[in-house]
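# Remarks on the overall topology
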Amino acid sequence: MLTLNTTKIIVKSLRITASQELATEDASGQSSSTDTAETGIKAKMLAVSGFIQFTDAQQLTNLFKLAEATEAGARVMYRISNKTADALGVKQVRFASKIEAVEQQTTRQWSISFTLQEYRSVPQKVEERQPDAEANQQGASTTGESGFQYASLQQNLTDNFGALRT
């Protein structure tokens, strides 16, 4: 069973497939290294598929209305109730990518499929709670023993070369 807010989505042979992208980027440059840089954990996706009987056309109409609904210029967020979503900790979703209904003439039903994307995922909430890290300033001044500030490390080394050799 699948419920979005208080609307039950009545679908025969309901199948929900969960996925999540663990994003990485190639960090090898021009070498043959296999190093990668982790670029974050993306939102969970729930691919939903099943069948709606031709005699229940209103259910198909309602499903498309849910997918098309907007609020303040953005797609509506729904609270989800489903065993797979509960097991993965997914509480809020939005319709993502596409919704599809394909006629199945021999069985007199529509084969439907759509994707729900997690909204405000746990990794996103954790990231939002962390304070912004301060960036290192490029070309920052360095201070010598005398307390005099040098504009660059190279200038500091040049000026103190004699002291460094001893």
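Residues numbered from 1 in each chain as written. Predicted model: local features only at pLDDT ≥ 70, side-chain atom pairs only at ≥ 80, totals over all residues. Heavy atoms only, no water.

### Some points on unusual backbone geometry
Where we set the bar: Numbering of helices and strands runs from the N terminus, with a helix taken as a DSSP run of H or I at least four residues long and a strand as a DSSP run of E at least two residues long. The buried label goes to any residue with under 20% of its type's maximum accessible area, the exposed label to any with over 50%, and the partly exposed label to all in between, with areas taken from a 1.4 Å probe on protein chains only.
The phi dihedral of Ala72 falls on the positive side, at around 55°, and the residue is not glycine. Note that Ala72 resides in the loop between β5 (70-71) and β6 (74-75). The exposure class of Ala72 is exposed, given its relative accessible area of 88%. For Arg108, which is not a glycine, the phi torsion comes out positive at approximately 55°.

### Considerations on the pattern of salt bridges
Filter applied, for reference: What makes a salt bridge here is a side-chain nitrogen of Lys or Arg within 4 Å of a carboxyl oxygen of Asp or Glu, nothing more.
A complete count under the given rule lists one salt bridge for this structure. Among the salt bridges present, the one from Glu100 reaches Lys98, with a minimum N-O distance of 3.7 Å. On the basis of relative accessible area, Glu100 is assigned to the partly exposed category, the value being 32%. On the basis of relative accessible area, Lys98 is assigned to the exposed category, the value being 53%.

### Observations concerning the pairing of strand β8 (residues 92-104)
So the rule is basically this: Note on pairing: two strands pair once DSSP finds at least 2 bridges between them.
Direction of pairing for strand β7 (residues 78-81) relative to β8: antiparallel, over a ladder of two bridges. The residue of β8 that forms the bridge with Tyr78 is Val93. As defined by bridge partners, β8 adjoins strand β9 (residues 109-118) across 10 bridges and the pair is classed as antiparallel. Each bridged residue has a counterpart across the sheet, and for Phe95 the counterpart in β9 is Leu116. Where β8 folds back onto β9 in an antiparallel hairpin, the turn is made up of four residues, including Arg108, whose phi is positive at roughly 55°.

### Examining the nonpolar core
Convention followed: In plain words, nonpolar cores are sets of buried Ala, Val, Leu, Ile, Met, Phe, Trp, Tyr and Cys residues tied together by side-chain atoms within 4.5 Å. A contact between two residues is defined here by any heavy atoms of the two lying within 4.5 Å.
Counting 24 residues, the largest nonpolar core has Leu4, Ile80, Phe95 and Leu116 as its most contacted members. When contributions to this core are tallied by element, the ones reaching two or more residues are β1 (2-4), β4 (36-53), α1 (57-68), β7, β8 and β9. If we skip the residues at most four places from it in the chain, Leu4 touches Ile9, Leu66, Tyr78, Arg79, Ile80, Val93, Phe95 and Leu116.

### Looking at the packing of aromatic side chains
To keep it simple, the criterion reads: Whether two aromatic rings pair depends on their centres lying within 6.5 Å, for rings of Phe, Tyr and Trp, where Trp uses its six-membered ring; planes under 30 degrees apart make the pair stacked, over 60 edge-to-face, and the rest tilted.
A complete count under the given rule lists three aromatic pairs for this structure. The interplanar angle of 90° and the centroid separation of 5.9 Å between the aromatic rings of Tyr78 and Phe95 together place this pair among those described as edge-to-face. Residue Tyr78 is located in strand β7, and its partner Phe95 is located in strand β8; the two are separated by 17 residues in the primary sequence. No difference in accessibility class separates Tyr78 from Phe95, as the two residues are buried. Measuring from ring centre to ring centre gives 5.3 Å for Phe95 and Phe114, while their planes differ by 40°; the resulting arrangement is tilted. Of the two residues, Phe95 is situated in strand β8 and Phe114 in strand β9; the sequence distance between them amounts to 19 residues. A connected cluster of aromatic rings, assembled from ring pairs, spans Tyr78, Phe95 and Phe114.

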